[in-house]
Amino acid sequence: MSLSIGIVGLPNVGKSTLFNALTKAQNAQAANYPFCTIEPNKATVAVPDRRVEALTAKAKPRKTIHASVDFIDIAGLVRGASRGEGLGNQFLATIRECAAIVQVVRCFEDENITHVDGGVSPLRDVETIETELLLADLQSVEKRLEKLQKMAKGSKEAKAAAELMQGLLAHLNDGKPAAAFTLPDNEIFLASWHELGLITAKPVIYCANVDEAAVARGNAFADAVGALAAERKAGFARICAKLEEELQGLPEEEQAEMLTSYGIEESGLVRIIRTGYATLGLCSYFTAGPDEVRAWTIRLGWKAPQAAGVIHTDFERGFIRAEVISFEDYMSHENEAACRADGVLRVEGKDYVVRDGDVMHFLFNV
């Protein structure tokens, strides 16, 4: 499974600068005026994972494949975006299929960078963005309700689904996100829910974009955003998009030195992806051998057959058993034969819950 993250925010908060830095590609124009991003930008980024590098050094495979994340950057949203103001509303459809939303919030003062609302106020900016996303969802639900009401004339279940959709509409009209709506047991409604891809139903990561002086310890602006994220049990990451962009193109050793000079240990890319994994309840397992070392993304709590299914559906359908070695045991033994001889290679069945860092081989028959 691939992880997709949509990046939203007001104009001039550092979205495109962050996108450039995260994707290591300068294909999202970053300029000091609203709407500099006029087309949605998408890039696939390898997930940094030192365990993959360690497995590669040990197994010496012909190729190495990291897990990946798709970042999607859309034009800055402004007040009235849901009614057609600005350009961001044109691209909201591109993030409806994302697994999570990163909301970039400006948490720095700079008189040379204009603010679309006249001054830096992170919580006001969050309210603006979330209101527009909510209004966009309202429009989607209203259209779907009309469709269900037409279907209701010949179907009791469709009539029930229409009534439930009316309840969702009232819920959104009260200013509550779709994520807070309790899903009912109605197949037609649930099918509509999944098709709509409501933006306010998605997990949120609040990303406080600070200046270099605040990247290590934050500031009052970032603290306010962090407190809001904690209150809502949402993800939070503090980054300096400008610093992240400066890091690109530097050798790994020089990047580490620069990060250390600012009092931080990891890049914004690592923090955002790690926060994304935690917010979505994801983890990684690995396959390792002479042909390939590869990281696979799964949900925490998945059992072995489900994990096998991300490689190929045949693996899940014909699952027999899995051979499992923890990452630590794999690295502390000379090879898999030594793991087997020492009893740290385990044979697990269909009920085994895969753990983060497991090195696995699957046996299946179709």
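Residues numbered from 1 in each chain as written. Predicted model: local features only at pLDDT ≥ 70, side-chain atom pairs only at ≥ 80, totals over all residues. Heavy atoms only, no water.

Novice: Help me understand the overall build of the chain, please; the structure alone is not making it clear to me.
Specialist: A count of helical and extended segments in the chain gives 13 helices and 12 strands. Counting only residues that meet the buried cut, the chain has 49% of its 366 residues in that class. Summarising the internal contacts of the chain: among those between residues at least 6 apart in sequence, 68% fall at separations of at least 24. For the chain, the computed accessible surface area is about 17,700 Å², with 49% contributed by carbon and sulfur atoms. (Helix = DSSP H or I, 4+ residues; strand = E, 2+ residues; numbered from the N terminus. Buried < 20%, exposed > 50% of the residue type's maximum accessible area, 1.4 Å probe, protein only. Contact = heavy atoms within 4.5 Å. Areas by Shrake-Rupley, 256 points an atom, 1.4 Å probe, with all protein chains shown as cover.)

Novice: Would you explain the packing of helix α4 (residues 156–173) against helix α5 (residues 187–196) in this entry?
Specialist: For any two helices packed against each other, the geometry comes down to the angle between their axes and how far apart the axes lie. Running from amino to carboxyl end, α4 crosses α5 at an angle of 50 degrees, the nearest separation of the two axes being 8 Å. Between α4 and α5, the interaxial angle falls into the category oblique. For the element pair α4 and α5, the recorded crossing hand is right-handed. Across the interface between the two elements, Glu157, Ala158, Ala161, Leu164, Met165 and Leu168 of α4 pack against Glu187, Ile188, Phe189, Ser192, Trp193 and Leu196 of α5. Among the residues forming the contact of α4 with α5, the class breakdown is nine nonpolar, one polar and two charged. (Axes fitted to C-alpha atoms, helices over the stretch in contact; angles between N-to-C directions. Parallel < 35°, antiparallel > 145°, perpendicular 65-115°, else oblique. Left-handed = near helix turned anticlockwise from the far one by under 90°. Nonpolar A, V, L, I, M, F, W, Y, C, P; charged D, E, K, R; others polar.)

Novice: Even after reading the chapter, I still don't get α5, so can you show me in this structure?
Specialist: In an α-helix there are 3.6 residues to a turn, and that puts residues three or four apart on one side. For α5, the complete set of buried residues consists of Phe189, Ser192, Trp193 and Leu196. The buried residues of α5 occupy an angular sector of 105 degrees when the element is viewed end-on, so they sit on one face. Away from its buried face, by an angle of more than 90 degrees, α5 presents the exposed residues Glu187, His194 and Glu195. The inward-facing, buried residues of α5 abut α3 (122–151) and α4. Capping the start of α5, Asn186 holds a side-chain oxygen 3.1 Å from the backbone nitrogen of Ile188, two or three residues further along. Trailing α5 by a residue or two, Gly197 shows a phi angle of about 55 degrees, which is positive. (Arc of directions from axis to C-beta. Polar contact = N/O pair within 3.5 Å; in protein donor to acceptor, adjacent residues only side chain to side chain.)

Novice: What's the story with the pairing of strand β9 (residues 292–299) in this structure? I'm lost.
Specialist: Where strand β3 (residues 63–65) lies against β9, three bridges are found, and the strand directions are parallel. Bridge pairing in β9 links Ile65 to Arg294. Here strand β8 (residues 282–288) pairs with β9 via seven bridges, running antiparallel. Residue pairing for β9: Phe286 is matched across the bridge by Ala295. In sequence, β8 turns back onto β9 through a hairpin of three residues. (Pairing = 2+ DSSP bridges.)

Novice: How should the state of the cysteines be read in this particular structure?
Specialist: Counted by the stated rule, this structure contains zero disulfides. Unpaired in this structure, Cys107 has its nearest cysteine sulfur neighbour in Cys207, at a distance of 8.7 Å. (Disulfide = S-S within 2.5 Å.)

Novice: Whenever I open this one, the packing of aromatic side chains confuses me. Can you help?
Specialist: For any pair of aromatic rings, the description rests on two quantities: the centre-to-centre distance and the angle between the ring planes. All told, the structure shown has seven aromatic pairs when counted by the stated rule. An aromatic cluster of three or more residues is present, and its members are Phe181, Phe189 and Trp193. (Phe/Tyr/Trp six-rings, centres within 6.5 Å; stacked < 30°, edge-to-face > 60°.)

Novice: It is not clear to me how the side chain of Thr275 should be interpreted in this structure. Could you clarify?
Specialist: Structurally, Thr275 can be placed in helix α9 (residues 268–280). A residue is classified by how much of its surface remains accessible, and Thr275, at 12% relative accessible area, is buried.

Novice: For this particular structure, what's the right way to read the pattern of salt bridges?
Specialist: When their charged atoms lie close together, side chains carrying opposite charge are able to pair. For the structure on display, the rule yields 15 salt bridges. In this structure, the salt-bridge partner of Glu323 is Arg340, at a minimum N-O distance of 3.6 Å. Placement of Glu323 in strand β10 (residues 319–325) and of Arg340 in helix α13 (residues 336–341) is noted, with a sequence separation of 17 residues between them. You can call Glu323 buried: its relative accessible area is 15%. Classification of Arg340 as partly exposed rests on a relative accessible area of 46%. Arg346 serves as the salt-bridge partner of Glu348, at 3.0 Å between the closest nitrogen and oxygen. On the accessibility criterion, Arg346 (23% relative accessible area) is partly exposed. The network of salt bridges with common partners includes Asp49, Arg51 and Asp356. (Salt bridge = Lys/Arg side-chain N within 4 Å of Asp/Glu carboxyl O.)

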